[in-house]
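Structure at a glance
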Amino acid sequence: MLEIRHLSKSFGSHEVLRDIDFTVNKGDVTSIIGSSGSGKSTLLRCINLLETPTSGEILYHGQSVTGPKVNAPEYRSHVGMVFQSFNLFNNMTVLENCVVGQVKVLKKDRETARKNAMQYLEQVGMAPYINAKPRQISGGQKQRVAIARALAMEPEVLLFDEPTSALDPEMVGEVLSVMQDLARAGMTMLVVTHEMAFARDVSSHVVYMNQGIICEEGTPEQIFGDPQRQETKDFLSRFR
Ligand code: ADP
Ligand code: MG
């Protein structure tokens with residue numbers, strides 16, 4: 001579904017990603033782990049076309065999306081993203097947050113978009129809050145709305161950039177549980193996370209990034225049970 005080929009990204013002379021290669025197949029749940037500053041967010045932002053790679057390419061169903069003439073909003077409706085800081089529209093209600101993209105990008109009529117949004121808000125347990133503004137709900141609730149908003153675009157792949165890192169500890173579980181349900185339902189997901197239990201128990205693949213490269217990747221059993229590289233062992237030992 002997605003192929004990342006020889007992707008590199010520099011900011012000035014600082015090479016943040018170096019020759020990243022990996023593939024995402026339908027139904028994969030890939031966790032990307034690694035220390036702060038290793039380039040995880042930049043990688044997701046490149047995949048979502050929020051950053052332009054310095055070299056290399058990204059293919060979506062075999063078509064390059066890193067060349068010119070790509071309709072980024074349209075592509076992002078297929079490859080959605082959930083951010084650490086939610087990025088909800090604060091002046092809109094919960095429901096409106098989940099409607100606006102469908103109307104503007106997918107050109108759906110408002111009534112169809114509302115019905116669709118309601119279905120996903122129910123799925124994440126946020127239907128009782130449709131008329132609330134983001135400032136009136138908790139962080140965990142905001143993130144569940146952000147997930148519903150992404151789902152309402154009916155994406156093929158969802159990218160999550162540390163979706164629970166900005167949350168108070170007691171709210172982490174409700175968001176992880178929504179993500180676990182999505183994974184079980186077969187959603188293709190790419191998740192940057194420090195939640196090692198999620199990476200180990202929910203994902204099908206784990207990618208360990210260190211200093212802008214993929215240092216090691218494999219199944220959760222391989223990465224958590226039998227890491228090969230010293231860097232991977234050192235990183236994981238910090239979570240025990
Ligand atoms: P991670 O998500 O793994 O913590 P990031 O992708 O956010 O890592 O950042 C990797 C490196 O790239 C960091 O050194 C960061 O300072 C740098 N970086 C990220 N975005 C920018 C930017 N827009 N301009 C300059 N440097 C950046
Ligand atoms: Mg990051």
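Every chain is numbered independently, its residues counted from 1 as its sequence is written. Note on labels: chains are lettered from A, ligands numbered from 1, in written order. With the structure being a predicted model, the display of local features is reserved for residues of pLDDT at least 70 and the display and counting of side-chain atom pairs for 80 or more, all residues being used for whole-chain, interface and lining totals. Based on all heavy atoms of the structure, the side-chain values leave hydrogens and waters out of the count.

The next thing to look at is the pairing of strand E1 (residues 2-11). Where E1 lies against strand E2 (residues 14-24), seven bridges are found, and the strand directions are antiparallel. Of the residues in E2, the one forming a bridge with Leu-2 is Val-24. Counting the residues between successive antiparallel strands, the hairpin from E1 to E2 contains two residues, one of them, Gly-12, with a positive phi of roughly 60°. Strand direction decides the pairing type here: E1 and strand E4 (residues 55-60), joined by five bridges, are antiparallel. When the sheet's bridge partners are listed, Ser-8 is paired in E4 with Ser-55. Whether two strands pair comes down to DSSP finding at least two bridges between them. In this description a helix means any DSSP run of H or I spanning at least four residues, a strand means any run of E spanning at least two, and both kinds are numbered starting from the N terminus.

Another aspect to go through is the layout of surface pockets. Detection works on a 1 Å grid of protein atoms alone, calling trapped sets that fit a 1.4 Å probe cavities and calling open sets with protein on both sides within 12 Å along at least five of seven lines pockets, with lining residues defined by an atom within 4 Å of a point. Grid points are joined across faces, edges and corners, and a volume is the space filled by probe spheres set on the points. Considering only enclosed or pocket space, the largest pocket measures out at about 540 Å³ in volume. Lining the largest pocket are 22 residues, and of these Arg-76, Phe-89, Gly-101, Arg-149 and Met-153 lie nearest its centre. If you tally residues by element for the lining of the largest pocket, the top one is helix H3 (residues 94-104), at five residues. Nonpolar residues are Ala, Val, Leu, Ile, Met, Phe, Trp, Tyr, Cys and Pro. Charged residues are Asp, Glu, Lys and Arg, and all others, Gly as well, are polar. Here the lining of the largest pocket is composed, by residue class, of 13 nonpolar, six polar and three charged.

The next thing to look at is unusual backbone geometry. Of note in this structure, Leu-49 is not a glycine but carries a positive phi near 65°. By the element assignment, Leu-49 lies in the loop between helix H1 (40-47) and E4. One non-glycine residue, His-61, adopts positive backbone phi at about 50°. Relative to the helices and strands, His-61 resides in the loop between E4 and strand E5 (63-64). The class for His-61 is partly exposed, based on a relative accessible area of 47%. Only protein chains enter the accessibility calculation, which uses a 1.4 Å probe; a residue is then buried when its area is under 20% of its type maximum, exposed when over 50%, and partly exposed in between.

Strands sit in the order E2-E1-E4-E5 across an open sheet of four strands; the sheet is antiparallel. Whereas interior strands pair on both sides, the edge strands pair on one side only; in this sheet they are E2 and E5. The contact rule is simple, with two residues in contact once any of their heavy atoms fall within 4.5 Å. Fitted lines through C-alpha atoms serve as axes, helices being fitted only where they are in contact, and the angles separating the N-to-C directions of these axes extend from 0 to 180 degrees. Sheet contacts for H1: E1, E2 and E4; angle to E1, the most-contacted strand, approximately 120°.

Next up on the list: the environment of Asp-161. Here Asp-161 shows up in strand E7 (residues 157-161). In this structure the C-alpha to C-alpha distance between Asp-161 and Asp-201, which are 40 residues apart in sequence, comes to 18 Å. For Asp-161, the contacting residues outside a window of four places in its chain are Ser-41, Leu-44, Met-81, Val-82, Phe-83, Gln-84 and Val-192.

Stacked, edge-to-face and tilted labels apply to pairs of Phe, Tyr and Trp rings (six-membered ring for Trp) whose centres lie within 6.5 Å, assigned for plane angles under 30 degrees, over 60, and everything in between, in that order. The tally for this structure, following the rule as stated, stands at three aromatic pairs. The interplanar angle of 85° and the centroid separation of 5.7 Å between the aromatic rings of Tyr-60 and Tyr-75 together place this pair among those described as edge-to-face. Within this pair, whereas Tyr-60 is found in strand E4, its partner Tyr-75 is found in helix H2 (residues 72-78), the two being separated by 15 residues in sequence. The burial state of Tyr-60 is the same as that of Tyr-75; both residues are buried. Any Lys NZ or Arg CZ found within 6 Å of a ring centre and within 35 degrees of that ring's normal is scored as a charge over the ring. The side chain of Arg-149 reaches across the aromatic face of Phe-89, ending 5.2 Å from its centre.

Once that is clear, we can look at the site of ligand 1. What makes a residue near a molecule or strand is one non-hydrogen atom of that residue sitting within 4 Å of it. The full set of residues close to ligand 1 is Phe-11, His-14, Val-16, Ser-35, Ser-36, Gly-37, Ser-38, Gly-39, Lys-40, Ser-41 and Thr-42. Throughout this description, a polar contact denotes any pair of N or O atoms lying within 3.5 Å of each other; where both atoms belong to protein, one of them has to be capable of donating a hydrogen while the other can accept it, and for residues adjacent in sequence the pair is counted only when both atoms sit in side chains. One of the backbone N or O atoms of Ser-38 is found 3.2 Å from an oxygen atom in ligand 1. A distance of 2.5 Å separates an oxygen atom of ligand 1 from a polar side-chain atom of Thr-42. Elements with a minimum of two residues in the shell around ligand 1: E2 and H1. Of the residues forming the shell around ligand 1, the biggest block, three residues, is contributed by H1. Here the residues of the shell around ligand 1 sort into two nonpolar, eight polar and one charged.

With that out of the way, let us pick up the UniProt feature "domain: ABC transporter" (unreviewed entry) in the protein chain. UniProt positions are given in the numbering used here, feature names are shortened, and annotations may be inferred rather than shown by experiment. Mapped onto this structure's residue numbering, the UniProt feature "domain: ABC transporter" (unreviewed entry) falls at residues 2-236. Within the segment residues 2-236, helix and strand shares are 38% and 26% respectively, and the terminal C-alpha atoms sit 27 Å apart.

Let us look at the pattern of salt bridges. Salt bridges are identified by distance alone: a Lys or Arg side-chain nitrogen within 4 Å of an Asp or Glu carboxyl oxygen. As enumerated under the stated definition, the model contains 11 salt bridges in all. Here Arg-45 and Glu-51 are joined by a salt bridge, their closest N and O atoms 3.3 Å apart. Judged by relative accessible area, which is 19%, Glu-51 ranks as buried. Between Glu-96 and Arg-110 there is a salt bridge, and its shortest N-O distance comes to 2.8 Å. Of this pair, Glu-96 sits in helix H3 while Arg-110 sits in helix H4 (residues 110-123), placing them 14 residues apart in sequence. Given the relative accessible area of 39%, Arg-110 is considered partly exposed. By sharing partners, the salt bridges in this structure join Glu-3, Arg-5 and Glu-57 into a single network.

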